[in-house]
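Overview (structure and organization)
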Amino acid sequence: MSKDSQFIFHFHGSVGQQIARVEKMVVNFDKDMNMHIEQVGEKQENTKHEQELFCCITNEAVNKGKAETVESELRNAASASARKLVAVIRTNEALGYLHTKHLSAQELFNLLNEHFGLDYGIRNFTKYRDKFSSI
């Protein structure tokens, strides 16, 4: 798009603000003709967040629309305790939404710590992972 482009907008009603420069803007109207503006910056942040799922979440979880839920469950459990995190991992593995059994405790801990920033160490994590794996 050239810098000499000219845009003409026809607004039927009051405009709440004056916009000096906009790269791209998506405007939608609901059934009552209320205007809803979605700016590019917000859209890019959502896309970035969706791409940052934990690496062990399976394609099955993504295809079933469960990936965000699994990510949220992992994030909440990771901030709580090693025991809760391992329980969430085991539950989601049983559902086919996570694949971590092929990883050693150290590899899995490193991935989790890098992604979620754990407040506990490898010993605590391994203790519960070993305990739950024998059940």
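Our next topic: the overall build of the chain. A tally of regular secondary structure across the chain gives 6 helices and 2 strands. Each helix and strand of the chain, placed in order from N terminus to C terminus, yields the pattern β-β-α-α-α-α-α-α. Sorting the 135 residues of the chain into buried and exposed places 24% on the buried side. Within the chain, counting contacts between residues at least 6 apart in sequence, those at least 24 apart form 51% of the total. Counting every atom, the chain has about 10,400 Å² of accessible surface; 49% of that belongs to carbon and sulfur.

Attention now goes to the packing of aromatic side chains. Per the stated rule, a full pass over the model turns up 2 aromatic pairs. Geometrically, the ring pair formed by Phe54 and Phe116 is tilted, given 5.6 Å between the ring centres and 35° between the ring planes. Here the residue Phe54 occupies a position in the loop between α1 (40-51) and α2 (59-63), and Phe116 occupies one in helix α5 (residues 105-116), the gap between them amounting to 62 residues. Neither residue differs from the other here; Phe54 and Phe116 are each classed as buried. Taking 5.9 Å as the distance between ring centres and 50° as the angle between the ring planes, the aromatic pair formed by Phe109 and Phe125 counts as tilted. Pair noted here: Phe109 is in helix α5 and Phe125 is in helix α6 (residues 122-133), with a separation of 16 residues, a long-range link. In terms of burial, Phe109 and Phe125 fall into one category: buried.

Conventions we followed
- Residues numbered from 1 in each chain as written.
- Predicted model: local features only at pLDDT ≥ 70, side-chain atom pairs only at ≥ 80, totals over all residues.
- Heavy atoms only, no water.
- Helix = DSSP H or I, 4+ residues; strand = E, 2+ residues; numbered from the N terminus.
- Buried < 20%, exposed > 50% of the residue type's maximum accessible area, 1.4 Å probe, protein only.
- Contact = heavy atoms within 4.5 Å.
- Areas by Shrake-Rupley, 256 points an atom, 1.4 Å probe, with all protein chains shown as cover.
- Phe/Tyr/Trp six-rings, centres within 6.5 Å; stacked < 30°, edge-to-face > 60°.

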